[in-house]
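Commentary on secondary and tertiary structure
Here are the chains, one letter per residue:
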Amino acid sequence: MSSTILTHKPGGSSAKRTATSRHLLHLNELGLLAAIVVLYIALSASAGGFLDTENQLGILRDAASVGIPALGVTLVIIAGEIDISIGPAVAFASVIFAKGASDWDLGIAGALVLTLVAGLLWGAFAGWLRARFAVPSFIATLGLWSALGGLALYATDALPVPLPASSFVDSLGGKFLGVPTPAVVFIVLFFVFWYIARRTAYGRSVYATGGNAAAAQLAGIPIRRIRVMLFATTGVLAALTGVLLAARLGSGNGGAAAGLEFDVIAAVVIGGTALAGGRGSLIGTMLGVIFISVIANGLVLLGVNPFLQNVVRGVIIVAAVLANVIIGRRGNVTRVS
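We now turn to the structure provided with this report. (Residues numbered from 1 in each chain as written. Predicted model: local features only at pLDDT ≥ 70, side-chain atom pairs only at ≥ 80, totals over all residues. Heavy atoms only, no water.)

**As for the overall build of the chain**
- Helix and strand counts for the chain come out as 13 helices and four strands.
- The proportion of buried residues among the 337 residues of the chain is 48%.
- Contacts in the chain between residues at least 24 apart in sequence constitute 78% of all its contacts with a sequence separation of at least 6.
- Summing over all exposed atoms, the chain offers an accessible surface of approximately 16,000 Å²; the carbon and sulfur share of this is 68%. (Helix = DSSP H or I, 4+ residues; strand = E, 2+ residues; numbered from the N terminus. Buried < 20%, exposed > 50% of the residue type's maximum accessible area, 1.4 Å probe, protein only. Contact = heavy atoms within 4.5 Å. Areas by Shrake-Rupley, 256 points an atom, 1.4 Å probe, with all protein chains shown as cover.)

**As for empty space enclosed by the protein**
- Under the definition given, this model contains three cavities of 30 Å³ or more.
- If you add up the space inside the largest cavity, you get close to 60 Å³.
- R61, A64, S65, I68, P182, T241, L244, L245 and R248 are the residues that line the largest cavity.
- Of all the secondary-structure elements, those providing two or more residues to the lining of the largest cavity are α2 (53-78) and α10 (223-249).
- In the lining of the largest cavity, the residues fall into five nonpolar, two polar and two charged.
- Its boundaries defined by the atoms lining it, the second largest cavity holds a volume of some 50 Å³.
- Forming the boundary of the second largest cavity are I292, I295, A296, L299, R313 and I316.
- Sorting the residues of the lining of the second largest cavity by element identifies α12 (282-301) and α13 (306-331) as the ones contributing at least two each.
- For the lining of the second largest cavity, the element with the most residues is α12, which contributes four residues. (1 Å grid on protein atoms, 1.4 Å probe; cavity = no way out; pocket = protein on both sides within 12 Å on 5 of 7 lines; lining within 4 Å. Points joined across faces, edges and corners; volume = space filled by probe spheres on them. Nonpolar A, V, L, I, M, F, W, Y, C, P; charged D, E, K, R; others polar.)

**Digging into helix α5 (residues 137-156)**
- The end-to-end C-alpha distance of α5, which contains 20 residues, comes to 28 Å, matching closely the 28 Å that a straight helix rising 1.5 Å per residue would cover.
- Turning to α5, its buried residues number three or more, namely S137, A140, T141, L144, L148, G149, A152 and T156. Axial view of α5: buried residues confined to an arc of 155°, hence all on one face.
- Looking at the buried positions of α5, the neighbouring elements they touch are α3 (86-101), α4 (107-133), β1 (161-162) and α10.
- Positive phi shows up at D157, right after α5, with a value of about 55°. (Expected span 1.5 Å × (residues − 1). Arc of directions from axis to C-beta.)

**With respect to unusual backbone geometry**
- The backbone of A158 sits at a positive phi, close to 60°, despite the residue not being glycine.
- For L177, which is not a glycine, the phi torsion comes out positive at approximately 55°.

**Examining the pattern of salt bridges**
- Taken as a whole and judged by the stated rule, the model has five salt bridges.
- Of the charged contacts, one joins K175 and E54 as a salt bridge, the two residues approaching to 3.3 Å between their closest N and O atoms. Here the residue K175 occupies a position in strand β2 (residues 175-176), and E54 occupies one in helix α2, the gap between them amounting to 121 residues.
- Exposure remark for K175: the relative accessible area of 41% places this residue in the partly exposed category.
- The closest approach of N and O atoms between R227 and E81, which form a salt bridge, is 3.2 Å. In this pair, R227 sits in helix α10 while E81 sits in the loop between α2 and α3, placing the two residues 146 residues apart along the sequence.
- For R227, a relative accessible area of 12% puts it in the buried group.
- One salt-bridge network, in which partners are shared between bridges, spans E81, R130 and R227. (Salt bridge = Lys/Arg side-chain N within 4 Å of Asp/Glu carboxyl O.)

**With respect to the packing of α3 against α10**
- Close contact between α3 and α10 brings their axes to 7 Å; oriented N to C, the two are set at 55°. Between α3 and α10, the interaxial angle falls into the category oblique. The element α3 and its partner α10 pack so that their crossing is right-handed. Two secondary-structure elements touch here, α3 through I86, A89, V90, A93, S94 and F97 and α10 through A238, A239, T241, G242, V243, L245 and A246.
- When the residues that make up the contact of α3 with α10 are grouped by side-chain class, the tally is 10 nonpolar, three polar and no charged. (Axes fitted to C-alpha atoms, helices over the stretch in contact; angles between N-to-C directions. Parallel < 35°, antiparallel > 145°, perpendicular 65-115°, else oblique. Left-handed = near helix turned anticlockwise from the far one by under 90°.)

Shown next as structure tokens:
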């Protein structure tokens, strides 16, 4: 006869939970990889032009727009926080970059630096509100979502701001060795963030903060500083995405990237990152980004109504959160027969 009990041994219990969590993440990653393969088989048979080279490059380009900010959001959610400001932040960054390069006569280099610094500052501000005053990150970034979105439209009168002609801008919006430049940036950043998360003390501190913030603080981990750094990072990544988007469109646009935050969060959650914090995988996020991008591309090629496309995204998000809750419950309990 077997029974299920909760173990409370200080070392063994923690080690078992960690092993279980990693096992579940690996299962999630394998499941996502299998789902992507199935999607490719189904869409190649039903959606004309899906396997065309240009369409595949388009998927990579779209994946980068979701994936670059998703890298930062993955660490934020692992730490037990949330950032819903990504869409308006990307749009406002594109506006700052375009205006800095044209209306403010800063040149392309000056506009790029200004945009990245601005992203760093508004992200750090959200992190400071969370760290200093314990403002829930959802509320802090919701305020940013509203403020940045309003500023982007106010500064442009909801009209595009053209970028001046520049070979550098053309290269950002074009290709590098035949691959869209944003996709190259995404891949490079993925390896950087993977190394940070898996091989540095900062990465371990992020996981510890999400697992048990009180215990992490007692262990000497600077919780406040980490929270500020996490949101500053997402701000910079959103700003970088805005620059790449502006280069691709040839202009800054206050209405661009609408709803991007939902795709980003969906990709992170589908990738296996627990909304409760303490568990997550950048490899899972990468697969989640590809999964979301392939579905979006396939729906367009199949001629699905745009409003129904939003329905599909909503269903995916809810299903991913449900799966995460179930997996999280299994991972929090060590079963002994």
